[in-house]
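Observations on the three-dimensional arrangement
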Amino acid sequence: MKYRIEKDTMGEVQVPADKYWGAQTERSRNNFKIGPSGSMPKEIVEGFAYLKKAAAYANYDLGVLPIEKRDAIAAVCDEILEGKLDDQFPLVIWQTGSGTQSNMNVNEVIANRAQVLKGFEIGEGEQFIKANDDVNKSQSSNDTFPTGMHIAAYKMVVETTIPGIEKLHATLVKKANEFKDVVKIGRTHLMDATPLTLGQEISGYASQLAFGLKALKNTLAHLSEIALGGTAVGTGLNTPKGYDVKVAEYIAQFTNHPFVTAENKFEALAAHDAIVETHGALKQLAVSLNKIANDVRMLASGPRSGIGEIHIPENEPGSSIMPGKVNPTQCEALTMVCAQVIGNDMAIAVGGMQGHYELNVFKPVMAANFLQSAQLLGDACVSFDEHCAQGIEPNYKRIKELVDNSLMLVTALNTKIGYYKAAEIAQTAHKNGTTLKEEAIRLGYVTPEDFDAWVKPEDMV
């Protein structure tokens, strides 16, 4: 491999000749060889591209950057957003907690790529655009990384998570209405309870997602606030007047999302409560989805020796040894995603606690965990919807069998003969293996006509 020499404030470094990054990127690449994986998420790099382009435009408008440099920086940022430079960002999550090296990685790539687009070799003559003086003008890693975090997080939630959950929610609402008259036995403590309809049961799932979606959307206003303009500690040192508002306006324009400058830049640098808050809503949705997926797989259990009240799609063989076996694989995938999201929430909570004085120093790991959760939930909801929820159908024969055999229908007699006599009927029927009607009549508490008139599952829902 051929190398070239790059310099920074710490001296010379050998850099692969075919790469656009510079000395600071290479130092980080050599100093943080941690884990078999863990590259900085592509969405963070794209967030940087949006903010670097916006900064160049704001700096030009405010008279501190020439138009030819603005346009050159913007051109490279557009290439990054188009995915043309994906191999130029080799750094991992496990680096400085401010994300300084990733900020410089982007700065160096933009500067050197702009040099090439200008018609020069990297390092040839006077550098056309300088990484620190031009690309990073009016910025600090301390305000660019949290801005990149918020851009990436907001876009992922709005473009992937919310649409996925809304898709599944719509299916559950449809199924709740479709099965509103299918009377089935209810269960509490995993034990038989009074009846409800399958539609009512599914409506509970739909309501869980509706509440979760509302909570998630309510966090977006905080997440849309960006730190850019705070520079090193929140004071805005080395920025022209009005820069913070103008750069936020450009970010909103370029992303088509309503980003605004943070009301308090000190909070935006030193704490990442918006990330903690929004991920808390993602965790809430994971809790809800875990309950829904578990209910579906238990209701579908069998097909002959389980509950078996619903049919779910048979998507693939379930065993390499048991012929004909089919498993609730979409339920299992969704609940594993939920476990991952809940685990990520702990990492994010711990990361959010690491705001020491004027800077939180767990930015990369918070961003990476957030993006993983947001994408997993959105993708998993789409998968569960398309390959499971849409295909749910009642097993009418099994549902009727279980309703008719339930002892908890005796609850309908409470107001007629009292709790204690009703309990005696149920306990005796369970002991003798007989029906409620048989024991109610034998004990002399009701007539056959009264039992038929009073114990109607369809009237108990």
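Everything here concerns the structure above.
As the structure is a computational prediction, the values presented were derived from the model and not from experiment. Per chain, residue numbering runs from 1 following the sequence as it is written. This being a predicted model, a pLDDT of at least 70 is required before a residue's local features are given, and a value of 80 or more before pairs of side-chain atoms are given or counted; all residues contribute to the totals for chains, interfaces and linings. Think of the side-chain values as coming from all heavy atoms in the structure, minus any hydrogens and water.

1. What about the overall build of the chain?
Looking only at helices and strands, the chain features 18 helices and 10 strands. The quantity called the radius of gyration is restricted to C-alpha atoms. Its globule counterpart is 2.2 Å times the number of residues to the power 0.38. Taking 2.2 N^0.38 as the reference for a compact globule, 461 residues should give roughly 23 Å; the C-alpha atoms of the chain span a radius of gyration of 30 Å, well beyond that estimate. Dimensions of the chain, computed from C-alpha atoms along their principal axes, come out at roughly 105 × 50 × 35 Å. Expressed as a percentage of its 461 residues, the buried residues of the chain come to 50%. Put simply, DSSP H or I for four residues or longer makes a helix, DSSP E for two residues or longer makes a strand, and each gets a number counted from the N terminus. Burial classes: relative accessible area under 20% of the type maximum marks a residue as buried, over 50% as exposed, and values in between as partly exposed (1.4 Å probe, protein chains only).

2. Quick notes on the environment of Ala111
As for its placement among the helices and strands, Ala111 is situated in helix H4 (residues 100-117). With 89 residues separating them along the chain, Ala111 and Gly22 place their C-alpha atoms 9.4 Å apart. Any two residues whose heavy atoms approach within 4.5 Å are treated as being in contact. Look past the residues within four positions of Ala111 in its chain and what remains in contact with it is Gln127, Ile129, Lys130, Ala131 and Val135.

3. Digging into the environment of Gly35
Note on placement: Gly35 falls in the loop between helix H1 (23-31) and helix H2 (42-61). Here Gly35 falls in the exposed class, since its relative accessible area comes to 56%. Taking C-alpha positions, Gly35 is 9.0 Å from Val92, a pair spaced 57 residues apart along the chain.

4. Digging into H4
The first and last C-alpha atoms of H4 sit 26 Å apart over 18 residues, in line with the 26 Å expected at 1.5 Å per residue. Of all the 18 residues making up H4, 15 are buried; the element is thus mostly covered by neighbouring parts of the structure. Two residues or fewer past H4, Gly119 is found with a positive phi of approximately 105 degrees. By this rule, a helix spans an expected 1.5 Å times one less than how many residues it contains.

5. So, unusual backbone geometry
For residues that are not glycine, phi is negative in most cases, and the peptide bond is trans in most cases. Backbone torsion omega between Gly302 and Pro303 reads 10 degrees, so that peptide bond is classified as cis. Within the chain, His189 stands out as a residue other than glycine whose phi angle is a positive 60 degrees. Note on placement: His189 falls in the loop between strand E3 (183-188) and strand E4 (191-197). Even without being a glycine, Thr231 presents a positive backbone phi close to 50 degrees. Mapped onto the secondary structure, Thr231 falls in the loop between strand E5 (225-226) and helix H9 (243-255).

6. Quick notes on the pairing of E4
Pairing analysis gives 5 bridges linking E3 to E4, with the strands arranged antiparallel. Following the sheet pairing, Thr188 is matched in E4 by Met191. The antiparallel hairpin formed by E3 and E4 contains 2 residues in its connecting segment, where His189 sits at a positive phi of about 60 degrees. Between any two strands, pairing holds if DSSP finds at least two bridges.

7. Looking at the pattern of salt bridges
Here, a salt bridge means any side-chain nitrogen of Lys or Arg that lies within 4 Å of a carboxyl oxygen of Asp or Glu. Enumeration according to the criterion identifies 29 salt bridges in this entry. In this structure, the salt-bridge partner of Glu386 is Lys167, at a minimum N-O distance of 3.8 Å. A residue pair is termed long-range when its members are at least 10 positions apart, and Glu386 in helix H13 (residues 363-387) and Lys167 in helix H6 (residues 141-178) qualify at 219 residues. Accessibility expressed as a relative area gives 42% for Glu386, which makes it partly exposed. For Asp345, the salt bridge goes to Lys283, with nearest N and O atoms at 3.6 Å. Of this pair, Asp345 sits in helix H12 (residues 329-352) while Lys283 sits in helix H11 (residues 273-299), placing them 62 residues apart in sequence. Take Asp345: its relative accessible area is 12%, and that puts it in the buried class.

8. What about H12?
Between its first and last C-alpha, H12 extends 34 Å over 24 residues, near the 34 Å set by a 1.5 Å rise per residue. Looking at the packing, one finds that the buried side of H12 touches H11, strand E8 (355-356), strand E9 (359-360) and H13.

9. Here we look at the side chain of Glu439
Among the secondary structure elements, Glu439 is positioned in helix H17 (residues 436-442). Exposure remark for Glu439: the relative accessible area of 3% places this residue in the buried category. A polar contact of 3.2 Å, which involves the side chain of Glu439, links it to the side chain of Asn432. In this structure, Glu439 is in contact with Ile425, Thr428, Ala429, Asn432 and Thr434, ignoring residues within four places of it in sequence. Two N or O atoms form a polar contact when they lie within 3.5 Å of each other; inside protein one atom must be a possible hydrogen donor and the other a possible acceptor, and for residues adjacent in sequence the pair counts only when both atoms belong to side chains.

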